Amino acid sequence: MLRDRFDQLMIASLVVVLLFAAVLLAGAGPGENNRAASVMNRQLEREMLYQARVAFIERHYSPVVALRNSGALQEALLKLEELGRTLPGAAHNDLMSGDILLRMGHFDRALTKLAAAVRRNADYVDPASPLSQRPLVESAVSEGLPLVRDRLRSQPDSRSLAQVVKDGYYLQSRLAGGCE
Amino acid sequence: MSPSLYDRHFWVILAAGVGLGVLGVLLAVWGNPQNSGICVSCFIENSSGALGLHDNERMQYLRPELIGFVLGSIFCASVFREFRSRGGSAPLARLVSGVFLIVGSAVFIGCPIKLFLRLTAGDLTAIAGVVGLFAGVWLGLQGLARGIDLGRTEDERGATGLLVPAGFVLLLVFLLARPAFIFFSERGSAAQHAPLMISLLVGLLLGALAQRSRFCITGSVRDGLLMGSRSPLFWGFFAFLLGAFGTNLVMGRFSFGFYGQPGAHLEHLWSFLGMLLVGWLSVLIGGCPFRQLIKAGEGDADAGLAVVGMLLGGGLVQSWGIAATAAGVTLAGKVSVLVGLAFVLGLSLLFRDRTA
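Residues numbered from 1 in each chain as written. Chains lettered and ligands numbered in written order. Predicted model: local features only at pLDDT ≥ 70, side-chain atom pairs only at ≥ 80, totals over all residues. Heavy atoms only, no water.

(A) Just the overall build of chain A, in detail. The number of helices and strands found in chain A is eight helices and zero strands. Listing every helix and strand of chain A by position from the N terminus yields α-α-α-α-α-α-α-α. Principal-axis analysis of the C-alpha atoms gives chain A an extent of 90 × 40 × 25 Å. Looking at chain A residue by residue over its 180 residues, the buried ones come to 37%. (Helix = DSSP H or I, 4+ residues; strand = E, 2+ residues; numbered from the N terminus. Buried < 20%, exposed > 50% of the residue type's maximum accessible area, 1.4 Å probe, protein only.)

(B) Spatial organisation of the side chain of asparagine 46 of chain B. Position of asparagine 46 of chain B relative to the elements: it lies in helix α2 (residues 40-50). Those residues within four positions of asparagine 46 of chain B in sequence are excluded, and the remaining contacts are Met59, Gln60, Tyr61, Arg63 and Ala190 of chain B. (Contact = heavy atoms within 4.5 Å.)

(C) The arrangement of the packing of aromatic side chains in detail. With the rule as written, the count across this model stands at 13 aromatic pairs over all chains. Relative to phenylalanine 254 of chain B, the ring of phenylalanine 245 of chain B lies with its centre 5.6 Å away and its plane at 85°, an arrangement referred to as edge-to-face. You can call phenylalanine 254 of chain B partly exposed: its relative accessible area is 31%. Put simply, the rings of Tyr169 of chain A together with Phe258 and Tyr259 of chain B pair up and form one aromatic cluster. The aromatic ring of tyrosine 170 of chain A is capped on one face by arginine 119 of chain A, whose charged end is 4.6 Å from the ring centroid. (Phe/Tyr/Trp six-rings, centres within 6.5 Å; stacked < 30°, edge-to-face > 60°. Lys NZ or Arg CZ within 6 Å of the ring centre and 35° of its normal.)

(D) Inspection of the environment of valine 137 of chain A at higher detail. All names here are of chain A. When you line up the elements, valine 137 lands in helix α7 (residues 134-154). Taking the C-alpha atoms as reference, valine 137 lies 7.0 Å from leucine 114; in sequence the two are 23 residues apart. If sequence neighbours within four positions are ignored, valine 137 has contacts with Leu114, Val125, Leu171 and Leu175.

(E) Seen up close, the pattern of salt bridges. In total, this model carries 22 salt bridges over all chains according to the counting rule given. Two residues, arginine 187 of chain B and glutamate 57 of chain B, come together in a salt bridge whose shortest N-O distance is 3.1 Å. Highlighted residues: arginine 187 of chain B in the loop between α7 (163-177) and α8 (196-213) and glutamate 57 of chain B in the loop between α2 and α3 (64-79), separated in sequence by 130 residues. Using a relative accessible area of 9% as the deciding quantity, one classes arginine 187 of chain B as buried. On the basis of relative accessible area, glutamate 57 of chain B is assigned to the partly exposed category, the value being 30%. In this structure, a network of salt bridges that share partners links the residues Asp123 and Asp126 of chain A together with Glu57, Arg58 and Arg187 of chain B. (Salt bridge = Lys/Arg side-chain N within 4 Å of Asp/Glu carboxyl O.)

(F) Highlighting the side chain of lysine 114 of chain B. Positionally, lysine 114 of chain B belongs in helix α5 (residues 112-120). Aspartate 123 of chain B provides the closest opposite charge to the buried, salt-bridge-free lysine 114 of chain B, at an N-O distance of 7.8 Å. A distance of 2.9 Å separates a polar atom in the side chain of lysine 114 of chain B from a polar atom in the side chain of serine 36 of chain B. Every residue in contact with lysine 114 of chain B, bar those within four places of it in the chain, is listed here: Cys179 of chain A together with Asn35, Ser36, Ile38, Cys39, Cys42, Ile109 and Gly263 of chain B. (Lys, Arg positive; Asp, Glu negative; His and termini not counted. Polar contact = N/O pair within 3.5 Å; in protein donor to acceptor, adjacent residues only side chain to side chain.)

(G) Seen up close, the nonpolar core. Membership of the largest hydrophobic core comes to 99 residues, with the highest contact counts inside it found for Val40, Phe69, Ile113, Phe168, Phe215, Phe240 and Phe290 of chain B. Ranked by residue count, the leading element in this core is helix α11 (residues 268-285) of chain B, at eleven residues. Leave out the neighbours within four places in its chain, and phenylalanine 215 of chain B touches Ile13, Ala16, Gly17, Leu20, Ala210, Ser220, Leu233, Gly236, Phe237, Phe240, Phe290 and Arg291 of chain B. Ile57, Ala76, Met96 and Val137 of chain A belong to the second-largest nonpolar core, a separate cluster that totals 42 residues. (Core = buried A, V, L, I, M, F, W, Y, C linked by side-chain atoms within 4.5 Å.)

(H) Local environment of the environment of valine 12 of chain B. All names here are of chain B. Relative to the helices and strands, valine 12 resides in helix α1 (residues 8-29). Using a relative accessible area of 24% as the deciding quantity, one classes valine 12 as partly exposed. Valine 12 sits 220 residues away from proline 232 along the chain, and the two C-alpha atoms are 9.9 Å apart. Residues within four places of valine 12 in sequence aside, it is in contact with Leu209, Arg212 and Ser213.

(I) Examining the interface of chain B and chain A more closely. On the chain A side, the residues contacting the 29 residues of chain B number 24 residues. Approximately 2300 Å² of surface area, both sides summed, lies buried where chain B meets chain A, with 55% of it carried by carbon and sulfur atoms. Counting the surface chain B buries against chain A, the share from its top three residues, Arg58, Phe183 and Arg187 of chain B, is 26%. Across the salt bridge formed by arginine 187 of chain B and aspartate 123 of chain A, the nearest N and O atoms sit 3.5 Å from each other. (Buried area = accessible area lost by both parts, 1.4 Å probe.)

(J) Structural context of unusual backbone geometry. Residues and elements named next belong to chain B. A positive phi angle, near 55°, is found at arginine 81, a position not held by glycine. Phi at alanine 90 is positive, roughly 45°, even though this residue is not glycine. Note that alanine 90 resides in the loop between β1 (86-87) and α4 (91-108).

(K) Here's a closer look at the packing of α2 of chain B against helix α13 (residues 301-319) of chain B. Residue and element names in this part refer to chain B. Running from N to C, α2 and α13 point in directions that differ by 80°, and their axes come no closer than 8 Å. Here α2 is positioned roughly perpendicular relative to α13, judged by the angle of their axes. Here α2 contributes Val40, Ile44, Glu45, Ser47 and Ser48 to the contact with α13, which in turn contributes Met310, Leu311, Gly314, Gly315, Val317 and Gln318. Across the contact of α2 with α13, the residue classes break down as five nonpolar, five polar and one charged. (Axes fitted to C-alpha atoms, helices over the stretch in contact; angles between N-to-C directions. Parallel < 35°, antiparallel > 145°, perpendicular 65-115°, else oblique. Nonpolar A, V, L, I, M, F, W, Y, C, P; charged D, E, K, R; others polar.)

If you want it as structure tokens, here you go:
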């Protein structure tokens, strides 16, 4: 291979191309590679967007949290309904509803709301997320699911209760982890 | 007649089976998602995301185990002079098969290895998948017996078999150097992983063992159906189940039941069909997703194309909402499995040698 002129030319060119690429990589600063910089920006933007979302949620729902903490649960639910009109379909609305309903002892409705929230945003059961509400979901499942299951045993034809039990199992499965 | 206990290859198969079972559970103990210590399809989805092939922020990580499987295989194949560049057997059909291997696995939530890791952890929802996998392998065998053949694999000039392993060396460089264009999740299941060096070493070890033993799940099921307990792979499979079950028990990871299982759903029909698709395709293309990686490391360019298809599939199942979650199987997932089954049926019609 090394005696053939054409092969020699190819090998020499290969070495030159590889060296050129190595020199480019070694000498390139972060600003010189537009593509890499834009990708880095994308990751940064993604993180900023996430942080902004967390901050927005905290600010937007702070009146509800205040009412909930003061024990005014009914008023907190009304406030949530009002917020739901300006921000329909928000997963956090379901989560907060679930939280308040759980405190009010409405386990079936709490499980349904929490399952809807987690289906839309798995961060609520992710310990690594600032939005994590694992203890809330865990207590809803541990307290609520056995009760609802017992009720279903006494009313086996109830479709709505069967759906709530299914929601409870879904939450249990998400809490158990595994791949998504 | 059972395999001879004096046969060294038999013991290598047993070691591969036990290793896959024990380490498959231990990787989850060390940080991988629950019941997903080893899941080739989940890892492929994570790696596709890391490469930017999908934008699910919770599923992006270059899984070192995958890199280890391929590099362990090429190392072992080279040492024992078994590396051979080969290919040319229906390459595009294999590429598309790779896509559908991931579709079927994503609808079930797991590859055949994870199927049994889930089962040995007490997850009874996996039973539908087990039945599906056995049915798929059986259907594949029926097809092979009736002349379905994707064509002969020929030795190839130009060392094309090195391309996929070289790609995985590049992935290793990306994993270690972490350039800006590779994405790493900070939340979600992709953020859960065992320490990098442990994952890589386990991958290398299992890749080498699997290359020496030819062990794979669907291959074991196939040989078990064909030869029963006379097949060494049958015993390797048994060792895998025993290793995984024992480790799950010892590590307190056994949770028996249908409900509240990690990374599982209750749509049994689709679990069955997803694994049926995987089992059937695996028999036609000569191995499950894990085996495709090992064969790609041995220089099999056809398996390499299946691996490329799997990476594409990993991107598609996330981007198009095909992958199932604990909430259930999406419409896109159900339709994709049916399209996959249509594809296998098409292959069975088009690649059948009717002269025999």
